[in-house]
Structures are given as C-alpha cells and as structure tokens.
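Residue strings, one per chain:
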Amino acid sequence: MLIALTLLASALAACGGDEGAGRPTLNWYNFPDDSGALQTAADRCSAASGGRYRISYNRLPRGADGQRQQLVRRLAAEDDSMDILGLDVTWAAEFAEARWIREWTGETRRRAAEGTLRVPLQTATWKGRLYAVPYNTNTQLLWYRADLVPTPPRTWTEMLDISRDLARRGEPHYVEIQGAQYEGLTVWFNSLINSAGGSILDPDATEPSLGPPAVRAASIMRDLAGSPAADPSLPNQMEDQNRLAMESGVAAFELNYPFVYPSMKANNPALFENFRWAPYPRVDAGRPARPTIGGIDLAVSAYSRHPDLAFEAALCLRDRENQLTAALKGGLPPTLRSLYDEPAFMKEYPFSKEVLAALESASVRPRTPAYQNVSVAVSHTLSPPSAIEPEKAVDTIRDQTDEALRSEGVIP
C-alpha cells in the first residue's frame, strides 16, 4: 500500500510539473493552423520568457461558428484554464460586454497599438476601450485573368460590362464571389455599403444606418446575380468554391483573399501565368472602395489565473518575428505596418502594396455585441442574390437589425 501511494504521489507531481515548479502554463486557444506558424510562435515565446511561463497552443474547431461556440460555453462557465483567446474580428464587442475578456490599459495598451494598422485596431476596440491585440488581418482583392482582361476594371459597373462582352464572345466570363447564405454574403454587402459611403449601423452601434447606400449595395448584388457574370452556383458559393472555379478556367474575375495566389500557382501553373490582381472594385469612380477586413485578435480571458503573464505572452505571439512567420508560412497578412516594407514579405506577397492600400481604407463589420444576429438578418434577407428586391430587402434588414440590437443576442 505504501509503495502504491508513493507511486501515485509521484504521478500526480509529474502531472502538475510546470505549475508545481513555479512555471505556469498559459493556454492559448486559436484556430487550427496546419502551417506550423502558431506552434512556432508558442515555442518561441515560451523560450523568450526565460522560464517564467510556457505557452500551450490549443486548437479550436475549424469553422468560425464552432470556435465561437466552444469559447462562449467555456467562458460562460468561468473556466480558469483559458488564458489567451484567438477571437474572430467580430467577437470583441460581444465578449467585452459579457465581461469575458480583460481591457488592455496603460503600457500594455500602448505596446498593443504601437505600429499597428489603424483599421485592424478598430476590430479590437469597443466603446473606446481596447480589448484585444490584432494578431493578423485579411482583405479581399480583385483577381483576374490578364489574357482575357488586359486592363482591370475600376468599378463594379465596368466589371459587369467586361463580363457581358466576354460572354458574347464565348470566353470565360464569370465573376466569382461569395453568394451562399452565410457570413461571406454579409461581408459582400458590408463592403459595398461602405464603398457607397454608408454603413449598416450608426457610429454608436445603437441604430441601423443603411439608407440609399444600402439600396445601392443591394442593387449591385442583384444586378450581378441576374447577369452573365453570375456563376450558376452563386447561391451556394463560398471562398473555396470561388477559388476552385477560377482555377478550373471558367471565370474571368474573382473577389477573394490572398490565399488564392499560392493555390493557383500550385494547382494550375499554366493559368497562373496570367493570374493578376487589382484593388477591390469601387461602387463610384470618385469614391475609394472599402473592402471588409477579416483576421484574428488576441484577448486575455477574464478568468485567467495569470493575466499579467497572458498580456505579455499575447504581445510576444504577435510580435514582428511571429507575424512575419505567420505571413510567410500561413498566408496571414500582418497587422504591423512595418512588415509591409520587409523584403521577405514583399517577395512572398508581390501584391503587398495593394493589400496595404486596401487595409488602410478598409471597413470593419458592424461592431456590436449583437453582431451574430445582425449578420444572420443580412445574409438571410439577401439570399439568394438573384431574388433581391433592393428597397424591400433594405427595409427588412433595417427592421431585423433594430430587433437584434434590442435583444441580448443568442448564446449557444
């Protein structure tokens, strides 16, 4: 019996190794990364801590809905084993309002904001307070075939006109874009309404804004869906289906994220020779396009047992070296402005200037704790795009958004 108890005590001591030795483990929950960039960052920062902490990278589900669901359930249960949280750029307001994440103040806020692009920083801000640090970002460009389109269009009208002309000539002519009933459809609408000079919500996120820019945005979506530019699969298409369609050779244009560039290079080298990029199309020639950004922000859990170390570790995870690795290995555009002048980044991203320009004029999705409900109202109302009645659709979105803002949101 004594031997058994001794062995049990030894096993328990081994299980608590790092904590017992005064070296806490900080649990970092983030999207599943197949490139190895996130694990590399965790290992680097663990080593850089000088033995004060170790970072354990924990993979969340692959889909954004599954990621949010797991985080929400564990935070609602006040799980103190969570330290650093990888948040989709739409979650900061909801998590801050629920008091699940800590505010960044003083020196940590200064370090988080220093050198960070302005628009990504907005995604981590709620009611003037910073609740996360931008880890990476993303934005769409217009990708096109130079053998079909020698000069890329500047506006949506120009692009649809070129598509119609290509169709008359029997050439590949589709405009690949996200038309399925999901978040991507909301992003398309948000990009258009902001490019038209409007927004879904007012600046305080208390009322729907919409108005004529929203009608213009919905009209463009309907016009594309009813033209030869529309892929027959438009109502079911997401980013990856768009990529595959472009690689198959049936499309002339694609609105998508930079991941399509290395994919085209690997999957269709012949077509890659004519694969080009240009800024996101404008709604009006005299007004800049404002594509909607994506990305991940790092927050510190309100229930972390080691908040000071978690803030320090989060800053390390998104430092220059780790963001560069994430960009080169994982295809994740950085949020630090200085990296866009980095030769290694510019070589891997020959479109880095266009990405930076897009990020500096970009829009963010509505910042509200009720974002999930607002997004559902938009995507359900505008699906399928071919059935959109612009003014009626905007009225419906306005009513449903108003209801969403007055609710407490849906907690799974």
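Here the structure is a predicted model, which is why all the values come from computation and not from measurement.

Where helix α9 (residues 183-195) meets helix α10 (residues 212-225), the axes come as close as 8 Å, and the angle between the chain directions of the two elements is 125 degrees. Between α9 and α10, the angle falls in the class oblique. Crossing hand, α9 versus α10: right-handed. Contacts between α9 and α10 involve L185, W188, F189, L192 and I193 from the first element and P213, A214, A217, A218, I220, M221 and L224 from the second. A breakdown of the residues in the contact of α9 with α10 according to their chemical character gives 12 nonpolar, no polar and no charged.

Within the open sheet, the four strands sit side by side as β8-β9-β7-β10. Their pairing is mixed. Single-partner strands in this sheet number two, and they are β8 (174-176) and β10 (275-278). Shown here is a sheet whose adjacent strand axes are inclined to one another by a mean of 20 degrees, direction ignored. Inspection of the sheet shows β8 paired to strand β9 (residues 251-256) by three bridges, in the parallel sense. Across the sheet, E176 pairs through a bridge with E254, a residue of β9. In the packing of helix α8 (residues 156-168) onto the sheet, the strands contacted are β7 (141-145), β8 and β9, and the crossing angle to β9 comes to about 150 degrees.

Interaxial distance between helix α11 (residues 239-248) and helix α12 (residues 260-267) falls to 10 Å at its minimum, and their mutual angle equals 40 degrees. The pairing of α11 with α12 is recorded here as oblique in orientation. Crossing geometry of α11 relative to α12 is assigned as right-handed. Two secondary-structure elements touch here, α11 through R243, M246 and E247 and α12 through V260, S263, M264 and N267. Tallied by class, the residues present in the contact of α11 with α12 amount to three nonpolar, two polar and two charged.

Reading guide: rules and limits
- Residues numbered from 1 in each chain as written.
- Predicted model: local features only at pLDDT ≥ 70, side-chain atom pairs only at ≥ 80, totals over all residues.
- Heavy atoms only, no water.
- Axes fitted to C-alpha atoms, helices over the stretch in contact; angles between N-to-C directions.
- Helix = DSSP H or I, 4+ residues; strand = E, 2+ residues; numbered from the N terminus.
- Parallel < 35°, antiparallel > 145°, perpendicular 65-115°, else oblique.
- Left-handed = near helix turned anticlockwise from the far one by under 90°.
- Contact = heavy atoms within 4.5 Å.
- Nonpolar A, V, L, I, M, F, W, Y, C, P; charged D, E, K, R; others polar.
- Pairing = 2+ DSSP bridges.

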